[in-house]
Amino acid sequence: MPRRYDPDRRQRIIDAAIRVVGEKGLTGLSHRSAAAEADVPLGSTTYHFKTLDELMVAALRQASEGFAEVVASRGGLEDPQPDLAAELAGCLGEWLAGDRTGVELEYELYLAALRRPALRPVAAEWAEGVAEQIARHTDPVTARALVALMDGICLQVLLTGAPYDEKYAREVLARMIPPPRS
């Protein structure tokens, strides 16, 4: 029997892996569960992703695009002199107000890097990418600190279920941003 041409299969497997993690958590993800969710043979998942870590890396890479899409759609960091604290707080608010499952999934995969070294480079890419955008408006050390603060704010919202307080976020972010040099 000839092979069936299916150019979207790899992507369907990644999408399925993200859905599995969203429904069952990271511990529910396996080649078998991703194959069942994607409605593909088990051999397809192991063909495209030799290890479960490879599948998780692909899922994390795709899931971590959520925040970047919010930043890009707002466009505020493209302004030469944005109100950086307000723009970052607004980005967080928009992201957290969106698909909550997607945000939780992104953080679950992001934090999985603590125990799965294969995920660490992808998690680092996300943080470095955001820091690079912020560093166009401040120094690199402050940019990294702002990313860490935004991570903390997001984790508190996700873990406590408390509503996101944009005014608070803007105020604490502003405290970390040095005043412009004259």
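Located above this text is the structure these notes cover.
Since the model is a prediction, treat every value here as computed from it, not as a measurement.

Calculation notes
Residues numbered from 1 in each chain as written. Predicted model: local features only at pLDDT ≥ 70, side-chain atom pairs only at ≥ 80, totals over all residues. Heavy atoms only, no water. Salt bridge = Lys/Arg side-chain N within 4 Å of Asp/Glu carboxyl O. Helix = DSSP H or I, 4+ residues; strand = E, 2+ residues; numbered from the N terminus. Buried < 20%, exposed > 50% of the residue type's maximum accessible area, 1.4 Å probe, protein only. Polar contact = N/O pair within 3.5 Å; in protein donor to acceptor, adjacent residues only side chain to side chain. Contact = heavy atoms within 4.5 Å. Axes fitted to C-alpha atoms, helices over the stretch in contact; angles between N-to-C directions. Parallel < 35°, antiparallel > 145°, perpendicular 65-115°, else oblique. Left-handed = near helix turned anticlockwise from the far one by under 90°.

Caption draft 1: Examining the pattern of salt bridges more closely. Scanning the model with the defined rule gives seven salt bridges in all. A salt bridge links Asp53 to Arg116; the shortest N-O distance between them is 2.6 Å. Linking Asp53 in helix H4 (residues 52-63) with Arg116 in the loop between helix H7 (100-112) and helix H8 (120-135), this pair joins segments that are 63 residues apart in sequence. Of the residues examined, Asp53 reaches a relative accessible area of 23% and is grouped as partly exposed. For the salt bridge of Arg175 with Glu171, the shortest nitrogen-to-oxygen distance reads 2.7 Å. Placement of both Arg175 and Glu171 in helix H10 (residues 166-176) is noted, with a separation of four residues, approximately one turn of the helix. Residue classification places Arg175 among the exposed residues on the basis of a relative accessible area of 64%. The exposure class of Glu171 is partly exposed, given its relative accessible area of 41%. Taken together, the shared-partner salt bridges in this structure form one network comprising Arg74, Glu87 and Glu94.

Caption draft 2: Representation of the side chain of Thr138. With respect to the helices and strands, Thr138 occurs in the loop between H8 and helix H9 (140-160). The class for Thr138 is buried, based on a relative accessible area of 15%. Within polar-contact distance, the side chain of Thr138 engages the side chain of Asp139 at 3.4 Å. Sequence-distant contacts of Thr138, defined by excluding residues within four places in its chain, comprise Leu84, Ala143, Leu146 and Pro178.

Caption draft 3: Broad picture of the packing of helix H5 (residues 65-74) against helix H6 (residues 84-97). The interhelical angle for the contact between H5 and H6, taken along N-to-C directions, is 125 degrees, at an axis separation of 9 Å. If you check the angle between H5 and H6, you find them oblique. As for the relative orientation of H5 and H6, their crossing is right-handed in sense. Listed contacts from H6 to Gly66, Phe67, Val70, Val71, Ser73 and Arg74 of H5 are Ala86, Glu87, Gly90, Cys91, Leu92, Glu94 and Trp95.

So, to be careful, I would describe these as geometric facts and stop short of saying anything about function.
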